[in-house]
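Now for the letters of each chain:
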Amino acid sequence: MKESAILQIGDQRIELPVIHGSEGGKSIDISGLLAKTGLTSYDPALANTAICKSAITYIDGDKGILRYRGIAVEEFTAQPTPNFVEVAWLLIFGHLPTFSELDHFRDQLTTHELLHEDVRDVYQHIPADAPPMAILSAALNHLACVHKNYLNVDDPESFLEVTASIISQVRTIAAFSFRRSKGLPHMYPDPRLRYCANFLHMMFSSPYQQYEIRPEVEDALNLLFILHADHEQNCSTSTVRTVGSAKANLFSSCAAGVSALWGPLHGGANVKVVEMLERIYEGGMTPQQCINNAKDKDNPFRLFGFGHRVYRNFDPRAKVLREACDRVLPNIDRQDPLLDIARELESLALNDDYFVERNLYPNVDFYSGILLRAIGIPTNMFTVCFAIGRLPGWIAQWKEQNEDPGSRIIRPRQVYVGNTQTGYVPITNREV
Ligand code: SDX
């Protein structure tokens, strides 16, 4: 049934079509608003605006639902051995891979796992304490320098190769930046190892001793990457879409996504959560003081890992991560007092009117850092791990937009509130 919205502006009455999503969501199509009325809409931060139609990820913020291509995220994390590579294929190509597709994708990830030696050499000129997200963004752009033939990927095989290069080499880039920061030799990827095991090997092996890859740890890392794999039009994904809408290549589009993700309000929150928990652990503040600071409008402090633009209920990923912490830490003989502090903070917040009235619940970043710590990942690498997980989602969204014949360069408008027309004043006549 055709549905429309009526907009009355002065004596002008226009009808705007209402479009329906496959899960019942509805949007008013204002794509003809400027042409019909001469007016633009005003929606700072795009909180009320759908920037595209997408078939990749569905979120129901009220019910706390997250599905990848229609499959609930919990179905992937509940598998006996969660498989991030399988989820990456599903997000990018739209269906669960067959045995042969999965094997071919794995082969491509192995074939393209080595970082070009020219990119590797750049690490020697980067300060050892450089922020890993700065290195990641720079290195992804550097891949465009050494893979010039991948700047325009029009055929499926080239697209698969550049996709495999980025998804595979992002691990190598991340591990190399960690090893550089510790003054350790780079550990090259081992073609015999699967995706997450290889990342752990590159992070923690040494030339004379192979890191012992425990299945519980490998499964935990697959689960973490799966939970971060895509999340519809979040800040970094819409950044990737914006850059890609100009027909920029996949390397630079993903590098732009890394830059957006770095922000502490977005992917950088997982670092801020652990810093917040550590401050409480070290006696810098009590959990209640933390809650009070977060509620104090005169205090810029936020309860990191809490709140979300879309979820008005529990972020399903936070639930899975909290359960994973409870399961994995004992299995790998890890105790972490920060987990108890996190649980106490969560309980205080969920029973505090300020958070309840604003529907503020734990988000993906609240527990992810505790699991990463248990695996041995240092705090400054947390957001890089978020990026490793999110890359298949960025690539899937970039591909979906690139394949949409109706897609146009993203170019929002503004409400101009600056000077009305004025004249040039020679410097000799200007007020001092
Ligand atoms: C991610 O979008 C995605 O999908 C992102 C992500 C993904 O997978 O890509 O899910 C990953 O980025 C998760 C979010 C990680 N960020 C944090 O944990 C930082 C802390 N959270 C907030 O800064 C905030 O909740 C945001 C940024 C997540 C959402 O911001 P919004 O939607 O702009 O909400 P808001 O700032 O308008 O808050 C509404 C109210 C305000 O109070 P009032 O003006 O109504 O009095 O809630 C308050 C805010 O002050 N509030 C918080 C708070 N979050 C919101 N108060 C204290 N602590 C917080 N964490």
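This structure is a prediction, so every number in the text was calculated from the model and none was measured.

Tell me what's going on with the packing of helix H12 (residues 269–281) against helix H17 (residues 365–375), and back it up with residues and numbers.
Close contact between H12 and H17 brings their axes to 8 Å; oriented N to C, the two are set at 75°. Classified by the interaxial angle, the pair formed by H12 and H17 is roughly perpendicular. Residues Ala-269, Asn-270, Val-273, Val-274, Met-276, Leu-277 and Glu-278 of H12 form the contact with H17, whose own contacting residues are Asp-365, Phe-366, Ser-368, Gly-369, Ile-370 and Arg-373. Of the residues assigned to the contact of H12 with H17, the class counts are seven nonpolar, three polar and three charged.

Provide a residue-level description of the sheet that holds strand S1 (residues 3–9), including the pertinent values.
Strand order in the open sheet made by the three strands is S1-S2-S3, with antiparallel pairing throughout. Two strands close off the open sheet at either side, each with one partner strand: S1 and strand S3 (26–28). Neighbouring strand axes in the sheet, compared pairwise and without regard to direction, differ in orientation by 30° on average. Note that strand S2 (residues 12–20) and S3 share three bridges and pair antiparallel. Bridge pairing in S3 places Val-18 opposite Ile-28.

I'd like a rundown of the nonpolar core, residues and numbers included.
Judged by nonpolar contacts, the single largest core of 119 residues is most densely connected at Tyr-68, Tyr-195, Phe-199 and Leu-303. Element by element, the count of residues in this core is highest for helix H7 (residues 156–181), at twelve residues. The contacts of Leu-303, once residues within four sequence positions are left out, are Met-276, Cys-290, Ile-291, Ala-294, Leu-345, Ala-349 and Phe-355.

Break down the pairing of S1 for me, citing the residues and quoting the values.
Pairing geometry for S1 and S2, over seven bridges, is antiparallel. Paired with Ser-4 across the two strands is Pro-17, which belongs to S2. Between the antiparallel neighbours S1 and S2 lie two residues, among them Gly-10 with a positive phi of about 60°.

Provide a residue-level description of the site of the ligand, including the pertinent values.
Around the ligand, the structure places 24 residues, and the nearest of them are His-231, His-308, Arg-309, Arg-317 and Arg-390. Within the side chain of Arg-309, an N or O atom sits 2.6 Å from an oxygen atom of the ligand. Side-chain polar atom of Arg-358 to an oxygen atom of the ligand: 3.2 Å apart, as the coordinates give it. Look at the ligand: alone it shows 1100 Å² of surface, and the protein chains cover 77% of it. Each residue belonging to the shell around the ligand can be placed in one class, and the counts come to ten nonpolar, seven polar and seven charged.

I'd love a proper account of helix H3 (residues 84–93), names of residues and values included.
Within H3, eight of the ten residues are buried, which leaves it mostly tucked inside the rest of the structure. Of the positions making up H3, those classed as buried are Phe-84, Val-85, Val-87, Ala-88, Trp-89, Leu-90, Leu-91 and Ile-92. Once H3 ends, the next one or two residues include Gly-94, with phi positive near 90°.

Which residues make up the side chain of Arg-322, and what values go with them?
Structurally, the position occupied by Arg-322 is in helix H14 (residues 316–331). Engagement of the side chain of Arg-322 in a polar contact is seen with the side chain of Glu-346, the distance being 2.5 Å. Residue contacts for Arg-322: discarding those within four places in its chain leaves Phe-314, Arg-343, Glu-346 and Tyr-367.

Just give me the short version of unusual backbone geometry, but keep the residues and values in it.
Phi is positive for Arg-69, which is not a glycine, with a value near 50°. Summarising the element assignment, Arg-69 is placed in the loop between strand S5 (65–68) and strand S6 (71–72). Residue class for Arg-69 comes out partly exposed when judged on its relative accessible area of 24%. A positive phi angle, near 55°, is found at Asp-333, a position not held by glycine. Along the chain, Asp-333 turns up in the loop between H14 and helix H15 (337–350).

Reading the values: rules and limits
- Residues numbered from 1 in each chain as written.
- Predicted model: local features only at pLDDT ≥ 70, side-chain atom pairs only at ≥ 80, totals over all residues.
- Heavy atoms only, no water.
- Axes fitted to C-alpha atoms, helices over the stretch in contact; angles between N-to-C directions.
- Helix = DSSP H or I, 4+ residues; strand = E, 2+ residues; numbered from the N terminus.
- Parallel < 35°, antiparallel > 145°, perpendicular 65-115°, else oblique.
- Contact = heavy atoms within 4.5 Å.
- Nonpolar A, V, L, I, M, F, W, Y, C, P; charged D, E, K, R; others polar.
- Pairing = 2+ DSSP bridges.
- Core = buried A, V, L, I, M, F, W, Y, C linked by side-chain atoms within 4.5 Å.
- Buried < 20%, exposed > 50% of the residue type's maximum accessible area, 1.4 Å probe, protein only.
- Near = heavy atom within 4 Å.
- Polar contact = N/O pair within 3.5 Å; in protein donor to acceptor, adjacent residues only side chain to side chain.
- Areas by Shrake-Rupley, 256 points an atom, 1.4 Å probe, with all protein chains shown as cover.

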